[in-house]
Amino acid sequence: MLFFLACLLAILPVVSMKSPIFGPQEVSRVEGSSVSITCYYPDTSVNRHSRKYWCKQGAKGRCTTLISDSYISKNYEGRANITSDPKSNMFVVHIDRLTQSDSGRYKCGLGINDQGLFFDVSLEVIPGPGLLNGTHVYTADLGRTVSINCPFTSENAMGKKSVCKKIGGHCFLVIDSNGYVSPDYINRARLTIQDTSQLAFTFIINRVQLSDAGMYVCQAGDGFRGDKSNVNLQVMKPEPKLLYGDLRGSVSIDCTLGPEVEHLAKFLCRVSNGKDCEVIINTLGQRAQAFEGRILITAKVKGFFTVHINGLRKEDAGSYMCGAHSDGVPQEGWPVQVWQLFVNEETTIPRSPSVVKGVVGGSVAVPCPYNPKDKTSFKYWCRWNEQNGCPQLVNSNGLVKGQENVYEGRLALHEEPGNGTYTVILNQLTTRDAGFYWCLTNGDTRWWFTVELQIVEGEPNLKVPQKATAQVGQTFTLPCHSPCKYFSYEKYWCKWNNKGCKALPSQDQGSRQASVHCDQNNQVTNLVLNPVTMEDKGWYWCGVKEGPRFGETVAVYVEVKEKAKGFQDVSQEHAAPGEEVLEQSVRKVANKVIPDPSLFVEDKAAKADEDEADKSKAPADSSSSAGQGGSSTVLVSTLVPLALVLAVGAMAVAVVRARHRRNVDRVSIGSYRTDISMSDFENSREFGANDNMGASPVTQETSLGGKDEFMATTEDTVETEEPKKAKRSSKEEADMAHTAFLIQANSMATSVQEGPSQA
């Protein structure tokens, strides 16, 4: 086993990963066959449009161009071509009808020979099968099967058949028709004889090893009369297949071994230190820790399987072997394929978070990059696990059938923000959600990504009621509280279904003005259902967005019930506090007449006296209602009448002063003042103006400069004659006011004696 690996690793080329141009270092072909050599280059516009060439190195280091994308030499005419594939960042040199003269060292490169980017390639052309100097030449691939035909004459048809291998000056017996098999060939070599009429037998070697190469002698009969033939068996070196991956990108290894190993365990191992081939994954469940969560093996039919690696790192570059064995590890004599992986550090793959963290009950929004050229590609999200691969959870069409029990109301895929990124949202997190997830498309497989979800300690930032029940036909309001750190974020509500989460109109009640202080209780986004129908039941999400990028979300299930008898209107239950009172207050203010302060200066003074009296009365009333025992009752009986008498007295004084103002009043006209006797006019209509006592003092002013600056009215006033009434003197008016005062005071005193509560 160790000898086999040592021999195999010894012939594998050691590839330098520093060169940006990547291709095979050593290529072996049989004479008369063809070869295709692929050269990869970094993904840049300059490289895609640069000259591609294939040149052969001479003795003095000069490289002679044999073919380029605009030239072909005479030696290559009709049997060679160069094909450029800018989308895959590579070009391929194809050569037919190889001869041994084609052996040598070459360069594939970009730009000018020896001055641009290039990669060294060694091409070896070996003799093909056939007769060469009396020797039959056979070629075989490592791990495969070879059949060698050994002819004989009819004289030795009944003689013993045997095959020996020449090592030095001796020929050691490998197998004969009597049943002998050399220990090195047990269970691998056999002889077959169809019938004596064929005059030939077949020597078959299964699972060819490198040590099987060499000269063999087939013999029929004994001694010098036996028929002998020489055979040269050449075991082809395993030519590495090239893998060109971008840093942070992904690669797929397609391994084809043949139907003979279809039922065996498959594996992929990595050559390390040029000594061992460490298994990084196999179909028996073994995985290397360095590839945890980012490698997947998929066995298919007829010995074909695929290994996919995500999140490429610089240290992933190197040589790999894929194969099959019952133990899931490489064994001597079993077929393998060799792969050479190059990781390009000049990558265009964007950086994306490899780890996202969430709290129990919270949510995560995972950005999934994809090739912007695959905008219309089918996108999906799967969960990686060791047993079942990576089963899909959600895709562009919605939640995958069969995942409803675990992810109903929790999972959605959004095409936003677009332009190379889609978003997967998972909320109502539990500890069971921790693990690895893959972002995939059916487009460019190089843009597959792995993200690890970690559940950490903490509390969700968004808060909604744990349960919500709405009544059919009513108005239902569902609040969502967000912290101050989401002040500038866009808030939204959406209704979840199997196809996604459709955004709904929302009413943001949070403060919209920038402020140093943030009232956390004021950051509320309401979802209003008006009126509620049975179709409104289901899962609703409240979330935040920063531009086109999704942030945190929280989910709540709304249950809808039929309206019960005597049910109170939901809109009243959810009305804002003080809303109804505020409406009544507005109506009250709208019906109130505001007097003109410039015309009623003295009236305001009198009113102020009344207000002061009312303020004195209010505490007294309060004291009377709060008092306990006989002393409180006596105090109330004394203070209440006194306050009422003072109030009535103030009112009487105000009436007297108002009557006096009707005789003599001071009126302001512009900047002039004059005393006008009210007795000179029979009524207010003789002023020649309308009754506009409640108008603003500004509109009452008129310019005295002969031209009005502005007019308060637009129509002329019409004077009318009215019969004159008898005038009453000031003394008579004072007597009448005094009489009214005494009557009212007596009535109030009587009411107080009947009971303080009635007063």
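Structure: see above.
Read on for an overview of the structure.

Cut-offs used in this document
- Every chain begins its residue count from 1, and numbering advances along the sequence as written.
- Local features in this predicted model are restricted to residues of pLDDT 70 or higher, and side-chain atom pairs are both shown and tallied only at a pLDDT of 80 or more, whereas totals for entire chains, interfaces and linings draw on every residue.
- In computing side-chain values, all of the structure's heavy atoms are included and hydrogens and water are not.
- The term nonpolar core refers to a set of buried residues drawn from Ala, Val, Leu, Ile, Met, Phe, Trp, Tyr and Cys, joined through side-chain atoms within 4.5 Å.
- With a 1.4 Å probe rolled over the protein chains alone, any residue whose accessible area is under 20% of its type maximum counts as buried; one over 50% counts as exposed, and the rest are partly exposed.
- Put simply, DSSP H or I for four residues or longer makes a helix, DSSP E for two residues or longer makes a strand, and each gets a number counted from the N terminus.
- Every case where a carboxyl oxygen of Asp or Glu lies within 4 Å of a side-chain nitrogen of Lys or Arg is listed as a salt bridge.
- Two strands form a pair only when DSSP identifies at least two bridges running between them.
- Structural elements are reduced to axes, namely lines fitted to C-alpha atoms, with helices fitted over the stretch in contact, and the angle between N-to-C directions of any two is expressed from 0 to 180 degrees.
- The disulfide criterion is simple: two cysteine sulfur atoms within 2.5 Å.
- Contact between two residues is taken to exist if any of their heavy atoms lie within 4.5 Å; hydrogens are not considered.

### Overview of the nonpolar core
Next, step 1: Counting residues in hydrophobic clusters, the biggest one holds 33 residues, and the most contacted among them are Val-366, Trp-381, Leu-411, Val-424, Leu-426, Tyr-437 and Trp-541.
Next, step 2: Of all the elements, strand β33 (residues 421-427) adds the most residues to this core, at four residues.

### Structural notes on the pattern of salt bridges
Next, step 1: Overall, the coordinates contain seven salt bridges when judged by the stated rule.
Next, step 2: Salt-bridge contacts for Arg-294 lead to Asp-316; the nearest nitrogen and oxygen are separated by 3.0 Å. Here the residue Arg-294 occupies a position in the loop between β22 (276-282) and β23 (295-299), and Asp-316 occupies one in the loop between β24 (304-309) and β25 (318-324), the gap between them amounting to 22 residues. For the pair shown, Arg-294 and Asp-316 are each scored as buried.
Next, step 3: We note a salt bridge from Arg-410 to Asp-433, for which the minimum N-O separation is 2.4 Å. Here the residue Arg-410 occupies a position in the loop between α3 (404-407) and β32 (411-417), and Asp-433 occupies one in the loop between β33 and β34 (435-441), the gap between them amounting to 23 residues. For the residue pair Arg-410 and Asp-433, the accessibility class agrees, reading buried in each case.

### Some words on unusual backbone geometry
Next, step 1: Between Glu-416 and Pro-417 the backbone carries a cis peptide bond, its omega angle lying at 0°.
Next, step 2: Its place among the elements puts Pro-417 in strand β32.
Next, step 3: Omega for the peptide link from Asn-530 to Pro-531 comes to -10°, which places this bond in the cis form.
Next, step 4: On the secondary structure map, Pro-531 appears in the loop between β41 (524-529) and β42 (538-546).
Next, step 5: The phi angle at Asn-419 is positive, at roughly 55°, despite the residue not being glycine.
Next, step 6: With respect to the helices, strands and loops of the structure, Asn-419 is situated in the loop between β32 and β33.
Next, step 7: Judged by its relative accessible area of 70%, Asn-419 falls in the exposed class.

### So, the sheet that holds strand β15 (residues 189-192)
Sheet strands associate in pairs through backbone hydrogen bonding, adopting either a parallel or an antiparallel arrangement.
Next, step 1: Taken in spatial order, the three strands line up as β12-β16-β15 in an open sheet, and their pairing is antiparallel. Of all the strands in the sheet, the pair left with one neighbour each is β12 (146-151) and β15. The sheet shows a mean angle of 20° between the axes of neighbouring strands, taken without regard to direction.
Next, step 2: Two strands pair when backbone bridges link them, and β12 and strand β16 (residues 200-205) are joined in this way by six bridges, in the antiparallel orientation. Its bridge partner being in β16, Ile-148 is matched across the sheet by Phe-203.

### Details of the state of the cysteines
Next, step 1: One pass over the full model with this rule turns up ten disulfides.
Next, step 2: Between Cys-255 and Cys-322 runs a disulfide, and the two sulfur atoms are separated by 1.9 Å. Where Cys-255 bonds to Cys-322 through sulfur, the torsion about that S-S bond is close to 85°, and the disulfide is right-handed. A residue pair is termed long-range when its members are at least 10 positions apart, and Cys-255 in strand β20 (residues 251-256) and Cys-322 in strand β25 qualify at 67 residues. By the burial criterion, Cys-255 is buried, and Cys-322 matches it.

### Thoughts on the sheet that holds strand β9 (residues 117-126)
Next, step 1: If you walk across this open sheet you meet the six strands as β1-β9-β8-β3-β4-β5, and the pairing is mixed. The sheet terminates laterally at β1 (26-30) and β5 (71-72), the two strands that pair on one side only.
Next, step 2: Two elements, strand β8 (residues 104-110) and β9, share seven bridges in a ladder whose sense is antiparallel. Residue pairing in the sheet places Lys-107 in a bridge with Asp-120 of β9.

### Here's the deal with the side chain of Asp-316
Next, step 1: Residue Asp-316 is classed as buried on the basis of its relative accessible area, which comes to 2%.
Next, step 2: Excluding anything up to four places from it in sequence, Asp-316 contacts Arg-270, Phe-291, Arg-294, Gly-311, Leu-341 and Val-343.

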